[in-house]
Amino acid sequence: METQQVHRLELDRSKRIPLLKAQLEHHHHHEPEPVLPVANVKTHPTKASTGPENGSIYFIGNATTVIEWHGIRILTDPNFLHAGDHVHLGPGVTAERLKNPAVDIDALSLLDCILLSHYHEDHFDKLVEESLNRDFPIISTPHAKQALAGKEDPFKAVYDLEFFQSILLPVVNYKGDTGGKKPVIKVTGMPGKHVPPGPLAAVNELLGAVPPTNGWLIEMNYTANGSEDGGETGYRIYISGDTLFVDELKEIPQRLKDEKIDLMLVHLGGTTIPGPKLPLLMVTMDGEQGVKLMQLMDPDVTIPVHFDDYDVFLSGLDDFKEAVTQAGLGEKVVYLDRGDQYRFNVHGI
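Residues numbered from 1 in each chain as written. Predicted model: local features only at pLDDT ≥ 70, side-chain atom pairs only at ≥ 80, totals over all residues. Heavy atoms only, no water.

## Observations regarding the packing of aromatic side chains
So, step 1. Scanning the model with the defined rule gives 8 aromatic pairs in all.
So, step 2. Aromatic pair Phe-124 and Phe-155: ring centres 6.1 Å apart, planes at 65 degrees, arrangement edge-to-face. Highlighted residues: Phe-124 in the loop between strand 8 (113-115) and helix 1 (126-131) and Phe-155 in the loop between helix 2 (142-149) and strand 10 (158-160), separated in sequence by 31 residues.
So, step 3. A relative accessible area of 1% means that Phe-124 is categorised as buried.
So, step 4. Of the residues examined, Phe-155 reaches a relative accessible area of 4% and is grouped as buried.
So, step 5. Measuring from ring centre to ring centre gives 4.1 Å for Tyr-235 and Phe-344, while their planes differ by 10 degrees; the resulting arrangement is stacked. With Tyr-235 in strand 14 (residues 235-239) and Phe-344 in strand 20 (residues 341-344), this residue pair connects regions lying 109 residues apart in the sequence. (Phe/Tyr/Trp six-rings, centres within 6.5 Å; stacked < 30°, edge-to-face > 60°. Helix = DSSP H or I, 4+ residues; strand = E, 2+ residues; numbered from the N terminus. Buried < 20%, exposed > 50% of the residue type's maximum accessible area, 1.4 Å probe, protein only.)

The structure is reproduced here in structure tokens:
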């Protein structure tokens, strides 16, 4: 996809910095690296594996995942509260977490950057905000950058992307066997709308109750001859973010043209505010909209996330499963429980 590159961030596994403030003092101690506790491994639902998979997605809970490729690890929407904890989602709006994450934040493997769809507590909770190393790289929205950089203890490495702007993440000093080619990742901001268009959107613009959100397109590639952004993409992941099914999403397949989405992570839940007892406004897709998004984007595989972690989610995974079955798309969906990992193969070497 043609995009406007506005940032570049080198990823070097040998120069990783700690995710958490508390880890800074032990940074140079050679302690064993934590290993994610993988409960089950899943692969493509219909195609046999063509060799060892070199990429994976580990589902922690809500919209929190670890995307890994050649040892590079990207953490999405870090939310590590436990069942019974509460988040603030806007004026007078709170939500209770119902499920525990698969792993706690201090038990994660070493990471390279964070991909934050928007600055909302069920995606970036207060525990995370207080504990993160302020120099750890975060890729997010302009709104999130303004909020995080404006803190009393400011975040210093936030890279903001508007829709269809991209950041290039070349993997440097890579020692693996890739036939002389170098792994490179491109992340592009994708359209998303948390509030439906109309009078409510105008009121929200005024109050700033529900923050603007991005989706993401993650393109994994191998490049040669010193080129960084070129050649055929080996694997393409689309993350919807906390959007509704709105017209703006149609621009994504139009821009992709004949380029295929290999994997889609779709944020569901039918999130309602101010809450389940007074469900006035839905701000994330329900099961029916999730299937409409599958039909629009036509990904090879879809994995649902963000569907039952909080009590404001009124459209659970069963709604999506039923809509998938009715649409005849069952063989194109992989369901992950917390702690499960989906593995895939990035082509190009």
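## So, the sheet that holds strand 9 (residues 138-140)
So, step 1. As summarised here, the arrangement of the 8 strands in space is 2-20-3-4-5-8-9-10, forming an open sheet in which the pairing is mixed. Each having just a single partner strand, strand 2 (41-42) and strand 10 make up the two edges of the open sheet.
So, step 2. Two elements, strand 4 (residues 64-69) and strand 5 (residues 72-76), share 5 bridges in a ladder whose sense is antiparallel. Across the sheet, Ile-67 pairs through a bridge with Ile-74, a residue of strand 5.
So, step 3. Running at roughly 155 degrees to strand 10, helix 2 makes contact with strand 9 and strand 10 of the sheet. (Pairing = 2+ DSSP bridges. Contact = heavy atoms within 4.5 Å. Axes fitted to C-alpha atoms, helices over the stretch in contact; angles between N-to-C directions.)

## Thoughts on the pairing of strand 14
So, step 1. Counting buried positions along strand 14 gives 5 out of 5 residues, so the element sits mostly inside the fold.
So, step 2. With burial as the criterion, each face of strand 14 is covered, one bearing Tyr-235, Ile-237 and Ile-239 and the other bearing Arg-236 and Tyr-238.
So, step 3. In this structure, strand 13 (residues 215-223) lies alongside strand 14, joined through 5 bridges in antiparallel fashion. Bridging from a neighbouring strand, Leu-217 pairs with Tyr-238 of strand 14.

## Regarding the pairing of strand 11 (residues 165-170)
So, step 1. Along strand 11, 6 of the 6 residues are buried, which leaves the element largely enclosed by surrounding structure.
So, step 2. Side chains Gln-165, Ile-167 and Leu-169 of strand 11 all project onto a buried face; the interleaved residues Ser-166, Leu-168 and Pro-170 project onto the opposite face, where all are buried too.
So, step 3. Pairing of strand 1 (residues 4-8) with strand 11 involves 4 bridges; the strand directions are parallel. Each residue of the ladder has a partner; that of Gln-4, found in strand 11, is Gln-165.

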